[in-house]
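Topology and contacts: notes
If you want the building blocks of each chain, they are given just below.
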Amino acid sequence: MTAKKTIVCRCEDVTLGDIDHAIAAGYIDIEEIKRYTGFGTGLCQGKECMAAIATLVAERAAIPADHITPFTARSPVTPTPLCLFSAITPAATDDDAGPAPPREAFPVALKAEPVPARTEVLIIGGGIMGLAIAYNLTVLGATDVTVVEAGYLASGASGRNGGGVRQQWSTELNIRLMRESVDLCRRFATDLGVNVWFRQGGYLFIARTAAERARLEAMVKLQTDAGADTEILSPSEIKSLVGEISTDDVVCAAYNAKDGILFPWPFLWGYARRASERGARLITHTEVTALSREAAGGFVATTSRGRIRADRVVIAAGAWSPEVARLIGISLPTRPVRHEICSSEPLKPFLGPMVSELASGLYFSQSMRGEIVGGVSLPSETPTLAMGSRLAFLETYSRRITKLIPILGGVKILRQWAGPYDLSADGNPILGEVDSVPGLFLCSGFVGHGFMMAPRVGQLYASLLAGKERHEIFDRFPLSRFSDGASTSPREDFNIG
């Protein structure tokens, strides 16, 4: 018992018992264990504990030492105050982190479960959307569902975002969809028995110009008519909500107190755990290398561990969906765009809502551990799956956040990371069955918002696949709209946070 209490990560108080528990739960990739236990996320960022924990994992999981890959190093090298990054001149910032590294093949021998020879529904992609669909299929009685994920759960965008869930949108359909999704998030701990730390502190959208004010006022009217309780706040009302905000040049803000934030990893794992308990097969570290349709109907998916025959296939691989779709000759009008995010040292709680600035795409919130977690939009982002960190992001983020809350200038940034937005040509998702390939379904192009939409979309997609209700989103956002001469210019919406 004493040995189990031995501290192996001082920053986060991770014990030997915590590592053993993670391995017993099936987490044997070093990145997975980092997410599951929290080791390496504190002040030293794994510099002190990485080698010891890697050795423990190799010993306890019986993994050859040369198969233990250290988790990705995150900048900055040492905790650095925001004010230092904001003082960097733009000319000194880098603009490209290089090409995306190839995915490392995970040794098949280290994962015991075989791929099934046949399945009724094969979902390619183990992110939040694929897992939500799988879980809801089992709720409707499906007993033969298989999810195949190329990496580990939470390795893609679903495990790399800020966790925001909001009802503030610019279309009635999205407002209604997200009102339902927020309610499902609120009930998640009760319905699935998993605590995702959901808290409804609201979303605060900051406007600095008259044009932005007019935009917010129009959105608030639309949201109010659709049943979302959003209101316009004056600068003095903003200060009463978040006293540290500088309202210089701020004309107003839109605020909805029912918007909220949850912790992405248990959200993802919760769907995975309950789907698995209900009979769905979840197969990680398995890449789909070929996909074809059989003459008699159905599909054959060739994976890094063998072939799977499936009656129907759902491509829900996020930013990697175009690569998967190309395997069967389908071209998706989506592209991956790197979106960066960072986390500060923990502070005494002071920030209730998620705060977002329309002009720059800045957004940030305070986690339950006290960190300030946020991101900002960078212009002229070229398509890439490269997830490297850039100094340009820290410079832009630091300037914007310290302008809005000057007192944060002395707060230290501990780490930054990136995830891929899955951006469609018109900024809307691509959903439903492909007309030219019966039995092939698409679920992609959510522009970074699939995470917050997944609870409700997962229900609606499961209903479609089960032959029950067909929701209007499948008629609104089919792949065929791009071949019908429809406009492909991105729609204007709150594509932040």
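Here the structure is a predicted model, which means the values were calculated and not measured.

Considerations on helix α10 (residues 264-277)
Relative to the 20 Å expected for 14 residues at 1.5 Å per residue, α10 spans 20 Å between its end C-alpha atoms, a close match to the ideal helical length. Looking at α10, one finds that the buried residues are P264, W265, P266, F267, L268, W269, G270, Y271, A272, R274 and A275. Looking at the buried positions of α10, the neighbouring elements they touch are α2 (30-37), α5 (128-139), α6 (172-186), α7 (188-192), β11 (281-283) and α13 (450-465). G279 lies just past α10 and shows a positive phi near 110 degrees.

What about the packing of aromatic side chains?
Summed over all chains, the structure comprises 15 aromatic pairs. Aromatic pair F188 and Y271: ring centres 5.1 Å apart, planes at 80 degrees, arrangement edge-to-face. Here F188, found in helix α7, pairs with Y271, found in helix α10; they are 83 residues apart in sequence, far enough to count as distant. The pair F188 / Y271 is uniform in exposure class, with both members buried. Among the aromatic side chains, those forming a connected cluster through ring pairs are Y27, Y36, W197, F263, W265 and W269. A cation over an aromatic ring shows up here: R166 above the ring of W169, its NZ or CZ 4.2 Å from the ring centre.

Looking at the confidence of the model for the chain
Taken over all residues, the pLDDT of the chain has a mean of 89, while the share at 70 or more is 91%. Below pLDDT 50 for its whole length, residues 104-110 participates in 12 contacts with residues either more than four positions away or in separate chains.

Some words on the pairing of strand β9 (residues 252-256)
The buried count for β9 comes to five of five residues, which makes it a mostly enclosed element. Burial along β9 is two-sided: C252, A254 and N256 and A253 and Y255, pointing in opposite directions, are all buried. Bridge count between strand β7 (residues 203-207) and β9: five bridges; the pairing is antiparallel. Bridge assignment links L204 to a residue of β9, and that residue is Y255. Inspection of the sheet shows strand β8 (residues 230-233) paired to β9 by four bridges, in the antiparallel sense. Pairing of L233 across the sheet is with A253, part of β9.

Rules behind the numbers
Residues numbered from 1 in each chain as written. Predicted model: local features only at pLDDT ≥ 70, side-chain atom pairs only at ≥ 80, totals over all residues. Heavy atoms only, no water. Helix = DSSP H or I, 4+ residues; strand = E, 2+ residues; numbered from the N terminus. Expected span 1.5 Å × (residues − 1). Buried < 20%, exposed > 50% of the residue type's maximum accessible area, 1.4 Å probe, protein only. Contact = heavy atoms within 4.5 Å. Phe/Tyr/Trp six-rings, centres within 6.5 Å; stacked < 30°, edge-to-face > 60°. Lys NZ or Arg CZ within 6 Å of the ring centre and 35° of its normal. pLDDT = per-residue confidence, 0-100. Pairing = 2+ DSSP bridges.

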